[in-house]
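# Structural description and commentary
Below, each chain spelled out in residue letters.
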Amino acid sequence: MFLLQSLTPSGHQVLLLDGNARAMTDDELVQYIQDEGIELVGIGAMTRMIAKAYRVADAIRKVGVPVVIGGPHVTEVPAEALGQDGGPRHADAVALGEADETWPLIVEDAARGELKPIYQPAHDSKGVDLKPTLQPYPEIPWERLDLDQFSLIPKVFRPFMSKLGGGWGTFHVVPIETGRGCPYGCEFCTVTGFFGDSIRFRTNESVVEELLRLKARAKRERGQIAVFFIDDNLAINIKRTKSLLRDIIAAKAQVPWIAQISANLLRDQELIDLIADSGGKWVFIGMESIDPANMADVNKNFSKPGEYGAVLQRLAARNIYAITSFIFGMDNDTEGVADRTLQEIESWPPGLPVFGQLTPFPSTPLYTRLEKAGRLARPKHWLDFAPFIMAHDPLKMTIAKARSETDHAWSRSYSPERNAEALEAIKDEPIMYRISHLVARLFFRGIYFPQLNTRAWLRLIAQNRRPIFNLSLEGARELFKYRVTKTKRSLRNVPTT
Ligand code: B12
Ligand code: SF4
């Protein structure tokens, strides 16, 4: 949405709301729209939240404000949002595919009251969308944007955290893309179909310039900023990635960053060194399964489970850790898959494991395969969204079993005992690193066990009081030692007559 905002023709104002960061009821949202005099609402949604998007859109359209929906889901099934499949209509217009060039037209058409139902990028003679080249890339005015709703520090902790110093009153993780597209074509993935298998990159200069502006803002506001490079596979072209990371280092544009990189691309030691030197802290790795047969089934056998441990060791040696993502309910999964996976994970340097279930998103090769085989239990699962309940029958276990395996994996991975073990495994690392690891663990637990209020947070803190207390004590001692050394040094430098 930051990108679309900066592509908006002049003369229009765009207000941004992130439904995850600033939750509102439908009534509150409608009231907000009316109070602000908003004349067009744009909604971006993935399949997972499309039912909510439709509900919200219905409420907004009821008060006469037109709605346009964009993003992967409506691109795959546009007739649904437009009510052309026999169901109710939820949107006045849909934006198909990458909307960099169509969004300005949508805004102008809406301003004239002439919104069309479908906006599609120009295409070539074979009907393939012409994709934005990303060169030049629009300037996102990070230095001026109001990022308040996007701070990751829960409101309840902000006053306390800001007193700690070091700019910890706010912490923004800012999404930046350096390129689009992934040619790998994993069976369950929307990306290859949506962004195409041709990869496009911004210039190094434009990425570096954006990082420098962000860094300057963080310095000015004495806040903490990290970047999430949202490319699907940041190292998809290793030569180009290395050149980008070298340019970031040369320009001193390092900020702490996170990115998604597949395990097969992390064999290269020089790449890992550049990741570390350019500020890389966490790498999200779609490991999916520890079973090579599963990997072959979903067309992802370029990623080798046998290599995962070594990849994580290599990263950990440079203080880079991994968010390791696993999928249960794959065709070769049997009862006990969670324990087998946990056993492997716990033999690796500690990271942040996340567990999902194989989900047939519309228009993916997986969806087509399961549909043909008559295995879709809920063909339109997104309309009756049920978190962590599979929409198709796995081959070697039941839907209920896949759920309980997932539940077990989350419960064990973020239990107070496992948190303590993970901290023990990195006890020789610097204190700041260990604190950030524990904080990340407490947050990641919330992906599966939502921590939505102060009470939930307090309960979690109580459960993990021992490591929290020990790390706080050690941190306070380090801070005291640092202050004493600093005072001694400045006394030594006092000029004498
Ligand atoms: C970043 C990201 C996240 C972040 C989001 C954080 C953030 N604040 O940005 C996090 C990590 C939270 C996340 C989580 C998930 N994600 Co995600 N994520 C992405 C990722 C990598 C980048 C999104 C992005 O910004 N792309 C760049 C922009 C430019 O592209 P875009 O968003 O598609 O927008 C363009 C068009 O779609 C269109 N458009 C989009 N919205 C709108 C709105 C309007 C009004 C208009 C006109 C146009 C328009 O215009 C834009 C410019 O061209 C994508 C993959 C990808 N490359 O897109 C996956 C992706 C979107 N995620 C996906 C999934 C499945 C998930 C999860 C469900 C994973 C899980 N199992 O838990 C969760 C769900 C989160 C939730 N809230 O429920 C799938 C969605 C598939 C689908 N059909 O829905 C994707 C496509 C990845 C994949 N491998 O298939 N995700
Ligand atoms: S490597 Fe990642 S982004 Fe590329 S197709 Fe596979 S899952 Fe999708």
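Structure: above.
Residues numbered from 1 in each chain as written. Chains lettered and ligands numbered in written order. Predicted model: local features only at pLDDT ≥ 70, side-chain atom pairs only at ≥ 80, totals over all residues. Heavy atoms only, no water.

Another point: the site of ligand 2. Around ligand 2 lies a shell formed by Cys182, Tyr184, Gly185, Cys186, Phe188, Cys189, Thr192, Asp232, Asn233 and Lys300. When its residues are assigned to classes, the shell around ligand 2 shows 5 nonpolar, 3 polar and 2 charged. (Near = heavy atom within 4 Å. Nonpolar A, V, L, I, M, F, W, Y, C, P; charged D, E, K, R; others polar.)

We now examine the packing of aromatic side chains. With the rule as written, the count across this model stands at 17 aromatic pairs. Pairing tyrosine 308 with tryptophan 348 gives two aromatic rings, centres 6.2 Å apart and planes at 80°, and the pair type is edge-to-face. Here tyrosine 308, found in helix 13 (residues 308-317), pairs with tryptophan 348, found in the loop between helix 14 (337-345) and strand 12 (352-357); they are 40 residues apart in sequence, far enough to count as distant. Through a chain of ring-to-ring contacts, three or more aromatic side chains come together here, namely Tyr308, Phe326, Phe328, Trp348, Phe355, Phe388, Trp410, Tyr414, Tyr448 and Phe449. (Phe/Tyr/Trp six-rings, centres within 6.5 Å; stacked < 30°, edge-to-face > 60°. Helix = DSSP H or I, 4+ residues; strand = E, 2+ residues; numbered from the N terminus.)

What helix 17 (residues 416-425) keeps buried is the set Arg418, Asn419, Ala422 and Leu423. The buried residues of helix 17 occupy an angular sector of 140° when projected down its axis, which confines them to one face. On its buried side, helix 17 packs onto helix 16 (399-413), helix 18 (431-448) and helix 20 (465-492). (Buried < 20%, exposed > 50% of the residue type's maximum accessible area, 1.4 Å probe, protein only. Arc of directions from axis to C-beta. Contact = heavy atoms within 4.5 Å.)

Let us now look at the sheet that holds strand 1 (residues 41-44). Overall, parallel pairing links the 4 strands, which are arranged 1-2-3-4 in an open sheet. Each of the sheet's edge strands pairs with one partner strand only, and the pair in question is strand 1 and strand 4 (118-119). Where strand 1 and strand 2 (residues 67-70) come together, 4 bridges link them in parallel fashion. Each bridged residue has a counterpart across the sheet, and for valine 41 the counterpart in strand 2 is valine 67. (Pairing = 2+ DSSP bridges.)

The next subject is the site of ligand 1. Neighbouring ligand 1 are 30 residues; Thr47, Arg48, Ala99, Asp100 and Asp232 lie closest to it. Within the side chain of arginine 48, a nitrogen or oxygen atom sits 2.9 Å from an oxygen atom of ligand 1. In the environment of ligand 1, a nitrogen atom lies 2.8 Å from a nitrogen or oxygen atom belonging to the side chain of aspartate 232. The set of elements that each furnish at least two residues to the shell around ligand 1 consists of strand 1, strand 2 and helix 8 (191-195). Its residues placed into classes, the shell around ligand 1 shows 15 nonpolar, 9 polar and 6 charged. (Polar contact = N/O pair within 3.5 Å; in protein donor to acceptor, adjacent residues only side chain to side chain.)

This part takes up the nonpolar core. Counting residues in hydrophobic clusters, the biggest one holds 114 residues, and the most contacted among them are Leu211, Phe229, Leu266 and Ile285. In terms of residue count, helix 18 provides more of this core than any other element does, 7 residues in total. Setting aside chain neighbours within four positions, we find leucine 211 in contact with Ile176, Val227, Phe229, Ile248, Ala253 and Val255. (Core = buried A, V, L, I, M, F, W, Y, C linked by side-chain atoms within 4.5 Å.)

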